[in-house]
Amino acid sequence: HPDLEPKVVRTAFLSAAPRGTDRHRHQRRTAYYRYLSLLLDVDEGIDSARSDRCLMEEWCNLSVELYQESLDSNAPSAVESESFLNNFRAVALQRSREEGGFDSFRDVPMLMDLSMQVKDYKLATQLAGEIISTKTYSKDSDVIPKVVAHIR
């Protein structure tokens, strides 16, 4: 990781500013998201950051949150809105670098839940199949009921 730990940067972006309008809060969250995006970038990011469970989960969650916020408001452009969703999908789809994906930590059950939140049922179904075919997940008594609930 860089000299400055990501959690320090997170605190600076998200809690250092006084309470402001929703617009200011969105701007700070978007700035933090851009920082994470640079840190996790396929070509110029840091490999160890992409292997960090907490950073990857935070980036995926923030991708979906910012995407959903963008649908509720007219603030970000359509291009920015789609980039939030495309970044999430790049992790969820587990594609090779040549196909636009990258190697990273993937919590597949969490990715399936997020896919359902954005109503990407095709992706959620692909992830459910990956969960069922993965030995670790297929034996997890907490994960399989979630898969079944999403399939219904």
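These numbers were taken from a predicted model, which means no experiment stands behind them.

So what's going on with the confidence of the model for the protein chain? Which residues, and what values?
Of all residues in the protein chain, 83% have pLDDT values of 70 or greater, and the mean over the chain is 81. Averaged pLDDT values for the elements of the protein chain fall to 74 in helix H1 (residues 6-14) and rise to 93 in helix H6 (residues 108-117).

So what's going on with the nonpolar core? Residues and values would help.
Judged by nonpolar contacts, the single largest core of 35 residues is most densely connected at Leu-36, Phe-88 and Leu-111. Residue assignment for this core shows that the elements contributing at least two residues are helix H2 (22-39), helix H4 (53-72), helix H5 (78-92), H6, helix H7 (121-133) and helix H9 (143-151). Looking at which element gives the most residues to this core, the answer is H4, with eight residues.

Give me the lowdown on unusual backbone geometry, citing residues and values where you can.
A positive phi angle, near 60°, is found at Lys-119, a position not held by glycine. Topologically, Lys-119 is positioned in the loop between H6 and H7.

Describe H4, listing the residues and the values that go with them.
Helical geometry note: an α-helix holds 3.6 residues per turn, so side chains three or four residues apart project in the same direction. Helix length check: H4 (20 residues) gives 29 Å between terminal C-alpha atoms against 28 Å at 1.5 Å per residue, within 8%. Inspection of H4 places Leu-55, Met-56, Glu-57, Trp-59, Cys-60, Leu-62, Ser-63, Val-64, Leu-66, Tyr-67 and Ser-70 among the buried residues, and these make up the whole buried set. Where H4 begins, the capping side chain belongs to Asp-52, and its oxygen is found 2.9 Å from the backbone nitrogen of Cys-54.

Run through the pattern of salt bridges, naming residues and quoting values.
Enumeration over the complete set of coordinates arrives at eight salt bridges. The shortest N-O distance in the salt bridge between Glu-130 and Arg-106 comes to 2.7 Å. On the criterion of sequence distance, the pair formed by Glu-130 in helix H7 and Arg-106 in the loop between H5 and H6 is long-range, its members being 24 residues apart. Take Arg-106: its relative accessible area is 12%, and that puts it in the buried class. We note a salt bridge from Asp-113 to Lys-146, for which the minimum N-O separation is 3.6 Å.

A description of the side chain of Arg-50 should follow, citing residues and the corresponding values.
Mapped onto the secondary structure, Arg-50 falls in helix H3 (residues 47-50). Among the residues examined, Arg-50 registers a relative accessible area of 2% and is labelled buried. At a separation of 2.5 Å, a polar atom in the side chain of Arg-50 contacts the main-chain carbonyl oxygen of Asp-41.

Just give me the short version of the packing of H6 against H7, but keep the residues and values in it.
Relative to each other, H6 and H7 sit at 160°, their axes nearing to 8 Å. As the angle between them shows, H6 and H7 are arranged roughly antiparallel. H7 is crossed by H6, and the crossing has left-handed handedness. Residues Val-108, Pro-109, Leu-111, Met-112, Ser-115 and Met-116 of H6 form the contact with H7, whose own contacting residues are Tyr-121, Leu-123, Ala-124, Leu-127, Ala-128, Glu-130 and Ile-131.

Cut-off values and rules
Residues numbered from 1 in each chain as written. Predicted model: local features only at pLDDT ≥ 70, side-chain atom pairs only at ≥ 80, totals over all residues. Heavy atoms only, no water. pLDDT = per-residue confidence, 0-100. Helix = DSSP H or I, 4+ residues; strand = E, 2+ residues; numbered from the N terminus. Core = buried A, V, L, I, M, F, W, Y, C linked by side-chain atoms within 4.5 Å. Buried < 20%, exposed > 50% of the residue type's maximum accessible area, 1.4 Å probe, protein only. Expected span 1.5 Å × (residues − 1). Polar contact = N/O pair within 3.5 Å; in protein donor to acceptor, adjacent residues only side chain to side chain. Salt bridge = Lys/Arg side-chain N within 4 Å of Asp/Glu carboxyl O. Axes fitted to C-alpha atoms, helices over the stretch in contact; angles between N-to-C directions. Parallel < 35°, antiparallel > 145°, perpendicular 65-115°, else oblique. Left-handed = near helix turned anticlockwise from the far one by under 90°. Contact = heavy atoms within 4.5 Å.

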